Amino acid sequence: MARGNAVWARVYYRNTTGEELRSVLTLMGPDGRTVELHCAPAAHDDPGTCETPRVPSSGTPGSATAIAEFVGAGPVEEAPLLLRAGSERAPGARG
């Protein structure tokens, strides 16, 4: 997401598993800076969001990327990866 000279990442989710999940939302800027936010989606069917803080952008619009990863419960090294989604600029996109 971008507005003016600020960028941030947001993910919308619904945790219908009835189980504890963990997620990590990562925003990567063109200048090598990274913002990472850990979220704990509640175990119910209500929609929710997770959003990084807004940070100044030093690049052109659309130059930042974001990745959201959702993993199951349990020890981090054993938790199954359930979903990984990322932003990507369209081929030939300007700006």
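The sections below set out a description of the structure shown in this document. No experiment lies behind these values; they were computed from the predicted model shown. All residue numbers here refer to positions counted from 1 along the written sequence of the relevant chain. A pLDDT threshold of at least 70 governs which residues receive local features in this predicted model, and a stricter bar of 80 or more applies before side-chain atom pairs are shown or counted, although totals over entire chains, interfaces and linings include all residues. The side-chain values count all of the structure's non-hydrogen atoms but skip hydrogen atoms and water molecules.

1. Observations concerning the sheet that holds strand E7 (residues 55-56)
Here is the rule: Paired strands are those between which DSSP finds at least two bridges. Helix and strand assignments follow DSSP, with helices taken as H or I runs no shorter than four residues and strands as E runs no shorter than two, numbered in order from the N terminus.
Spatially, the three strands line up as an open sheet ordered E1-E2-E7, and their pairing is antiparallel. A strand with exactly one partner marks an edge of an open sheet, and here the two such strands are strand E1 (2-3) and E7. Pairing of E1 with strand E2 (residues 6-7), which is carried by two bridges, proceeds in the antiparallel orientation. If you follow Arg-3 over to E2, its bridge partner there is Ala-6.

2. Quick notes on the pairing of strand E6 (residues 47-51)
Keep this limit in mind: Only protein chains enter the accessibility calculation, which uses a 1.4 Å probe; a residue is then buried when its area is under 20% of its type maximum, exposed when over 50%, and partly exposed in between.
Only one face of E6 is covered, namely the one carrying Gly-48 and Cys-50; the face carrying Pro-47, Thr-49 and Glu-51 has none of its residues buried. Examined bridge by bridge, strand E3 (residues 10-14) and E6 share five bridges and lie antiparallel to one another. Looking across to E6, one finds that Tyr-13 is bridged to Gly-48.

3. Digging into the nonpolar core
For clarity, the cut-off: For the purposes of this section, nonpolar cores are sets of buried Ala, Val, Leu, Ile, Met, Phe, Trp, Tyr and Cys residues that join through side-chain atoms within 4.5 Å. Contact criterion: two residues are considered in contact whenever any of their non-hydrogen atoms come within 4.5 Å of each other.
Formed by 13 residues in total, the largest nonpolar core has its most connected members in Val-11, Leu-25, Leu-27 and Cys-50. Ranked by residue count, the leading element in this core is strand E8 (residues 65-71), at three residues. Setting aside its immediate chain neighbours within four residues, Cys-50 contacts Ala-9, Arg-10, Val-11, Tyr-13, Leu-25, Leu-37 and Cys-39.

4. Examining the state of the cysteines
Selection criterion: By convention in this document, the label disulfide applies to cysteine sulfur atom pairs within 2.5 Å.
The full count for this structure, using the stated rule, is one disulfide. At a sulfur-sulfur separation of 1.6 Å, the disulfide partner of Cys-39 is Cys-50. Placement of the pair is Cys-39 in strand E5 (residues 34-39) and Cys-50 in strand E6, with a sequence separation of eleven residues. The exposure class assigned to Cys-50 is buried, which follows from its relative accessible area of 2%.

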